[in-house]
Amino acid sequence: MKSGFFSKEGISFILSIFAGFFSCGNSSVSMDDMYLVEPVGYRDSQNAQNKYPLFVYLHPWSSPGGEKALPCLKTETERTAYPCFIYVPHSTKSTFNNKKIIGQIEALKQKYRIDTNRLYLAGHSMGGSGSYSLINDYYESKGVLFAGIIRMSGQTQTVLRDSIIGKTAIWYHIGLSDEKSRVETARKSFAFLKTHIKADGTTFHGEPAPYSQHPGITQIISKNGIDIVKYTEYDPPTGHDIGTFPFEDPKLLVWLFSQSLKNR
């Protein structure tokens, strides 16, 4: 496991917080193959009582993992604006090991002051499919909900548990020049959400995507004043390579970090 934080001088340090395994309840959890960043100011005495969100990023297939895999929260400016734990599990296979990830997150929740009402998740490609898989498995095994997820493409996974819908906010991104199967997966996912979210207090509207080089449209389902589902399709020639540019819109992280289960 690699762990670090971003200093005021803008230098990333590697810390030895775990020695490969961490005790969680009556079992030991492997903390290998992961990257962890503490929030800016976490160890300052004035913040000793503060709890912080956890941002989980699931990388695409063949990613090197670690900080290089992150599409956002890599600069001092961003990490100061959005102080949070950043957790990046690494997989060299074609899927993620959800049981291992859930165990690692549970161990982090025991060791650190993590705000369990503000667990966030983002994933691209393999990580996009993995985002749905993880939140379903986490809820089934532990009853844990994420406050918000950002899904970018993905080959599989279109269905969420009924107890998740309307509580976990979702922003799905897809480029229409991606493979046909991925576009179909995205559209099936959005159709599923539209038909399964409770109608009480919901409104529907759309707005243009904010990128001049990647035009498109975002469809929004708001529930009781909260944008609980956002679905963005980018016009051709934008395809599968959508893993980073959506984060150039400052509204994306503003939306994500405004999500809290306390507001559901």
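Predicted, not measured: the structure shown is a model, and the values here were computed from it. (Residues numbered from 1 in each chain as written. Predicted model: local features only at pLDDT ≥ 70, side-chain atom pairs only at ≥ 80, totals over all residues. Heavy atoms only, no water.)

### Describing the overall build of the protein
Scanning the protein for helices and strands turns up 5 helices and 13 strands. Burial status across the protein gives 54% buried among its 264 residues. Considering only intrachain contacts with a sequence separation of at least 6, the fraction spanning at least 24 residues in the protein is 69%. (Helix = DSSP H or I, 4+ residues; strand = E, 2+ residues; numbered from the N terminus. Buried < 20%, exposed > 50% of the residue type's maximum accessible area, 1.4 Å probe, protein only. Contact = heavy atoms within 4.5 Å.)

### A look at helix α4 (residues 180-196)
In this model α4 runs 24 Å from its N-terminal to its C-terminal C-alpha over 17 residues, within 8% of the 24 Å that 1.5 Å per residue would give. Of the surrounding secondary structure, the elements contacted by the buried residues of α4 are α3 (126-142), β9 (148-152), β10 (169-175), β12 (216-223) and β13 (226-234). (Expected span 1.5 Å × (residues − 1).)

### Observations concerning α3
Between its first and last C-alpha atoms α3 spans 23 Å; for 17 residues at 1.5 Å apiece the expected length is 24 Å, and the two agree. Counting buried positions along α3 yields 12 of 17 residues, so the element is predominantly enclosed. Buried residues belonging to α3 abut β6 (52-58), α2 (98-111), β8 (114-124), β9, β10 and α4. Residue Gly143 follows α3 closely and has a positive phi angle near 70°.

### Structural notes on the nonpolar core
Core analysis: the biggest nonpolar cluster contains 74 residues, and Phe55, Leu73, Tyr87 and Phe146 have the highest contact counts within it. Sequence-distant contacts of Leu73, defined by excluding residues within four places in its chain, comprise Phe55, Glu78, Arg79, Tyr82, Cys84, Ile86, Leu253 and Phe257. (Core = buried A, V, L, I, M, F, W, Y, C linked by side-chain atoms within 4.5 Å.)

### As for the environment of Ala69
Along the chain, Ala69 falls in the loop between β6 and α1 (76-81). Excluding residues within four positions of it along the chain, Ala69 makes contact with Tyr57, His59, Ser63 and Val88.

### A look at the confidence of the model for the protein
For the protein, per-residue confidence averages 89 on the pLDDT scale, and 88% of positions sit at 70 or higher. Within the model, the stretch residues 2-19 combines pLDDT values under 50 with 43 contacts to residues more than four positions away or in other chains. Contacts from residues 23-28, a stretch scored under 50 in pLDDT, to residues over four places away or in other chains number 10 contacts. (pLDDT = per-residue confidence, 0-100.)

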